[in-house]
Amino acid sequence: MIIDPLDAMTTAPTRLEINLAAIAANWRRVASETPHGRAAAVVKADGYGCGAVPVGQTLYGAGARLFFTAHLSEALALRQALPQPDAEIGVFNGLLPGEAESYRAHRILPVLNDLGQIEVWADFCRRQGIALPACIQIDTGMRRLGLPPYEVETLRDETSRLAGIEFRYLLSHMAAGDDPAHALNMVQRDAFAAACSALPRPSGGTMLAASSGAFLGPDYAFDWVRPGYALYGGNPVPGRPNPMTPVVRLAARILQTRRITRGDTVGYGATWTAEKPSHIATIALGYADGYLRSLSSRGVVHLDGTPIPVVGRVSMDLVTLDISAFPDSSPGLEVEVIGPHQGVDAVAEKAGTIGYEILTGLGARYARIYSGE
Ligand SMILES: *Cc1c(COP(=O)(O)O)cnc(C)c1O
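Keep in mind the model is a prediction, meaning the values are calculated, not measured. (Residues numbered from 1 in each chain as written. Predicted model: local features only at pLDDT ≥ 70, side-chain atom pairs only at ≥ 80, totals over all residues. Heavy atoms only, no water.)

## Things to note about the nonpolar core
Argument step 1. Residues Phe67, Phe68, Trp121, Ile136, Val248 and Ile283 are the most contacted members of the largest nonpolar core, which totals 106 residues.
Argument step 2. Taken domain by domain, the makeup of this core includes at least three residues from each of domain 1 (20-232) and domain 2 (248-342).
Argument step 3. Every residue in contact with isoleucine 283, bar those within four places of it in the chain, is listed here: Ala252, Arg253, Ile254, Leu255, Val301, Asp317, Leu318, Val319, Leu321, Val335 and Val337. (Core = buried A, V, L, I, M, F, W, Y, C linked by side-chain atoms within 4.5 Å. Buried < 20%, exposed > 50% of the residue type's maximum accessible area, 1.4 Å probe, protein only. Domains from an automatic or database assignment. Contact = heavy atoms within 4.5 Å.)

## A few points about the packing of helix α4 (residues 52-62) against helix α5 (residues 72-81)
Packed helices, taken two at a time, are described by the angle their axes make and the gap between the axes.
Argument step 1. At their nearest, the axes of α4 and α5 sit 9 Å apart, and the two run at 50 degrees to each other. Judged on the interaxial angle alone, α5 and α4 are oblique. Crossing angle aside, the handedness with which α4 passes α5 is right-handed. Mapping the contact onto sequence places Ala52, Val53, Gly56 and Gln57 in α4 and Ala77, Leu78 and Ala81 in α5.
Argument step 2. For the contact of α4 with α5, the per-class residue count stands at 5 nonpolar, 2 polar and no charged. (Axes fitted to C-alpha atoms, helices over the stretch in contact; angles between N-to-C directions. Helix = DSSP H or I, 4+ residues; strand = E, 2+ residues; numbered from the N terminus. Parallel < 35°, antiparallel > 145°, perpendicular 65-115°, else oblique. Left-handed = near helix turned anticlockwise from the far one by under 90°. Nonpolar A, V, L, I, M, F, W, Y, C, P; charged D, E, K, R; others polar.)

## A short note on the pattern of salt bridges
Argument step 1. Applying the stated criterion to the full structure yields 16 salt bridges.
Argument step 2. Taking the shortest distance from any N to any O, the salt bridge between arginine 201 and aspartate 223 comes out at 2.8 Å. Here arginine 201 is found in the loop between α9 (183-198) and β8 (205-207), whereas its partner aspartate 223 is found in the loop between β8 and β9 (248-260), with 22 residues between them in sequence.
Argument step 3. Arginine 201 gets classed as exposed once you look at its relative accessible area, which sits at 59%. (Salt bridge = Lys/Arg side-chain N within 4 Å of Asp/Glu carboxyl O.)

## A closer look at the side chain of glutamine 188
Argument step 1. For glutamine 188, the position within the fold is in helix α9.
Argument step 2. Not counting residues up to four positions away in its chain, the partners in contact with glutamine 188 are Thr140, Gly141, Met142, His173, Met174, Ala175, Ala176 and Leu208.

## A look at the site of the ligand
Argument step 1. Close to the ligand lie 14 residues, the nearest being Lys44, Tyr48, Ser211, Gly228 and Tyr356.
Argument step 2. Between the ligand and arginine 144, the relevant distance is 3.4 Å, taken from an oxygen atom to a side-chain nitrogen or oxygen of the residue.
Argument step 3. Separating a nitrogen atom of the ligand from a side-chain N or O atom of histidine 173 is a distance of 3.3 Å.
Argument step 4. Taking 390 Å² as the accessible area of the ligand by itself, protein coverage stands at 91%.
Argument step 5. A class-by-class count of the residues in the shell around the ligand yields 7 nonpolar, 4 polar and 3 charged. (Near = heavy atom within 4 Å. Polar contact = N/O pair within 3.5 Å; in protein donor to acceptor, adjacent residues only side chain to side chain. Areas by Shrake-Rupley, 256 points an atom, 1.4 Å probe, with all protein chains shown as cover.)

Next up, the structure:
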């Protein structure tokens with residue numbers, strides 16, 4: 001049988017379906033959590049594995065005008081897809097040597113993370129004879145990127161360091177927003193509020209909360225919230241029902257089935273042994289596709305809503321299932337790996353990680369199908 005390349009998208013052994021309408025709905029949902037309704041959109045790591053370009057274009061269509069990536073290269077790719085002058089794109093990781101020209105040429109906002117970067121950008125603006133926009137990130141407790149408190153004090157006392165820059169947004173990032181009871185949340189909130197009053201007012205506004213912080217209430221909302229994970233259907237309120245709409249569905253077709261007898265082992269290392277005659281099915285995804293090896297003999301997929309256990313080690317390209325509950329299943333039959341019966345957060349829990357890692361690891365080999373554009 002010759003498969004038409006377009007047809008292959010629907011008959012592909014492993015399909016990743018991404019619902020763009022759900023991403024837009026989630027963006028609106030997070031914004032509606034705040035008193036001001038203003039949400040940026042974080043699309044780093046290829047839009048958390050969902051595709052930064054289709055995600056960015058969808059969210060622009062839904063009304064988003066402020067986007068963030070981690071790397072300049074990601075921002076440059078997004079700028080090609082969002083040439084509209086009112087789409088602002090910021091880069092969290094900061095201004096690196098030699099990058100200023102690219103930021104200017106492609107109208108991207110560096111996030112200035114220390115006094116040195118502020119100086120480089122201010123010098124660049126003076127030489128260019130134009131106040132170019134930039135964000136400033138301050139560290140209120142994450143201790144990863146951003147001006148540490150002693151540099152914030154210097155900036156407060158020497159605001160002339162900002163001369164020549166268009167100071168557009170002030171941001172900080174929370175360390176424990178997913179744990180509402182964590183004492184650091186209020187500490188960070190108060191430190192950020194203090195910096196907002198002490199520093200010159202940014203023309204675009206202030207922002208502290210990411211996905212989880214956006215659900216901590218109005219005290220954390222400032223002028224903007226800055227969600228990533230929640231946009232892609234991840235649960236921003238762990239331990240409580242997920243308020244977000246699911247975005248990804250991952251489905252795999254059975255490649256081959258076999259009968260095995262009691263005592264037979266399955267997979268590398270012969271780590272799983274059948275305790276009774278069993279039916280084994282093999283599907284086309286593995287750790288090279290982001291199906292984590294820690295799911296060996298722990299993961300489950302679903303068939304008609306019934307959980308089907310992963311047995312034996314996850315291979316690079318293949319996963320084996322104990323499909324004895326459906327002894328008549330045959331090659332071509334589709335099982336659900338991520339979907340309504342088991343969302344990203346549930347898969348992550350079985351794998352001993354967080355949904356962020358599952359999403360950003362979603363494989364490049366899947367046939368990607370976008371809906372709801
Ligand atoms: C990744 C990131 C975000 C988004 O975080 P989520 O938890 O995915 O919503 C926001 N701000 C900064 C600085 C980040 O690095």
